[in-house]
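Listed here are the chains, written in short residue letters.
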Amino acid sequence: SLGKSNAARALAWLSEESVQRTQFIVDAGAVPPLVALLRLADAVSKSLAAYACGEVASQAAWMLCALIISEGVLLPLVELLRTGTYAGKSSAAYALAELAADPKTSTLIMNEGALPPLVALLRAGTEKGKASAADAINMLVDDAPTRALIAEAGALLPLIALIC
């Protein structure tokens, strides 16, 4: 619904640059409804919910990232990354990048199958989508085996293309 979409957008903006507001948003129980929007809503609401999850994660301590992940956000984000609109894919990649800032979550993100759709977005996304995908991949390269998987998935040429 339009009200839910607008609320997700407002929560994203309100959590921006404020750990205190973000903590309040999380403590007030906003994460489960945002994850529900990712699963069940229309394309616009999914994109805005993904963006809101990314903004909350960007301000959140690692403990809050773990809480967001425990609510089941990864699978719907990866699904949005695979099948969403360009805006939805970009928002999903952004949220995954922010969640991957916690080193413990990068393995979980890789295990959910995020790498192939991130590479696909690098190849054929909008400028914003490509930038978000590159950021997410950057956050996932925390160890040698993961770096090898990223290279094997075909990320190198699209990443080089972004700097050319």
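Structure shown above.
Caption draft 1: Examining the pattern of salt bridges more closely. For the coordinates displayed, the defined rule picks out one salt bridge. Its salt-bridge partner being Glu-79, residue Arg-82 comes within 3.8 Å of it at the nearest N-O pair. Residue Arg-82 and its partner Glu-79 are located together in helix H6 (residues 74-83), separated by three residues, close to a single helical turn.

Caption draft 2: How the structure looks around helix H7 (residues 86-99). With 14 residues, H7 extends 20 Å between its outermost C-alpha atoms, agreeing within 8% with the 20 Å of an ideal straight helix rising 1.5 Å per residue. With eleven of 14 residues buried, H7 lies mostly within the body of the structure. Listed as buried for H7 are Gly-88, Ser-90, Ser-91, Ala-92, Ala-93, Tyr-94, Ala-95, Leu-96, Ala-97, Glu-98 and Leu-99.

Caption draft 3: Local environment of unusual backbone geometry. In this model, Glu-17 sits at a positive phi of 60°, which is unusual for a non-glycine residue. In this structure, Glu-17 sits in the loop between helix H1 (2-15) and helix H2 (19-27).

Caption draft 4: The nonpolar core, seen in detail. The biggest cluster of nonpolar side chains holds 52 residues, and the ones touching the most others in it are Val-73, Leu-77, Leu-99 and Leu-118. Ranked by residues supplied to this core, first place goes to helix H4 (residues 43-59) with eight residues. Setting aside residues up to four positions removed in sequence, Val-73 forms contacts with Val-35, Leu-38, Cys-53, Ile-68 and Leu-99.

Caption draft 5: Geometry of the side chain of Ser-106. Counting through the fold element by element, Ser-106 comes out in helix H8 (residues 103-111). Excluding anything up to four places from it in sequence, Ser-106 contacts Met-139, Leu-140 and Asp-142.

Caption draft 6: Just a nonpolar patch on the surface, in detail. On the surface, a nonpolar cluster with roughly 530 Å² of combined accessible area is contributed by Leu-156, Leu-157, Ile-160, Leu-162 and Ile-163. With respect to the helices and strands, Leu-156 occurs in helix H12 (residues 156-163).

Caption draft 7: Region of interest: the environment of Ser-45. By the secondary structure assignment, Ser-45 is in helix H4. Residues Ser-45 and Met-110 lie 65 residues apart in sequence; the distance between their C-alpha atoms is 25 Å. Those residues in contact with Ser-45 that sit more than four places away from it in its chain are Ser-1, Ser-5 and Leu-37.

Caption draft 8: Focus on the packing of H6 against H7. Two elements in contact, H6 and H7, have axes separated by 7 Å at closest approach and are oriented at 140°. For H6 against H7, the interelement crossing comes out left-handed. Residue-level contacts link Leu-74, Leu-77, Val-78, Leu-80, Leu-81, Arg-82 and Thr-83 of H6 to Gly-88, Lys-89, Ala-92, Ala-93, Ala-95, Leu-96 and Leu-99 of H7. Its residues assigned to classes, the contact of H6 with H7 shows ten nonpolar, two polar and two charged.

Caption draft 9: The state of the cysteines, seen in detail. According to the stated counting rule, one finds zero disulfides in the structure shown. Free of any disulfide, Cys-53 has its nearest neighbouring cysteine sulfur in Cys-65, separated by 11 Å.

Criteria and cut-off values
Residues numbered from 1 in each chain as written. Predicted model: local features only at pLDDT ≥ 70, side-chain atom pairs only at ≥ 80, totals over all residues. Heavy atoms only, no water. Salt bridge = Lys/Arg side-chain N within 4 Å of Asp/Glu carboxyl O. Helix = DSSP H or I, 4+ residues; strand = E, 2+ residues; numbered from the N terminus. Expected span 1.5 Å × (residues − 1). Buried < 20%, exposed > 50% of the residue type's maximum accessible area, 1.4 Å probe, protein only. Core = buried A, V, L, I, M, F, W, Y, C linked by side-chain atoms within 4.5 Å. Contact = heavy atoms within 4.5 Å. Patch = residues over 30% accessible without salt bridge, like charges linked within 9 Å, V, L, I, M, F, W, Y side chains within 5 Å. Areas by Shrake-Rupley, 256 points an atom, 1.4 Å probe, with all protein chains shown as cover. Axes fitted to C-alpha atoms, helices over the stretch in contact; angles between N-to-C directions. Left-handed = near helix turned anticlockwise from the far one by under 90°. Nonpolar A, V, L, I, M, F, W, Y, C, P; charged D, E, K, R; others polar. Disulfide = S-S within 2.5 Å.

Take it as geometry only, folks, not as evidence of what the structure does.
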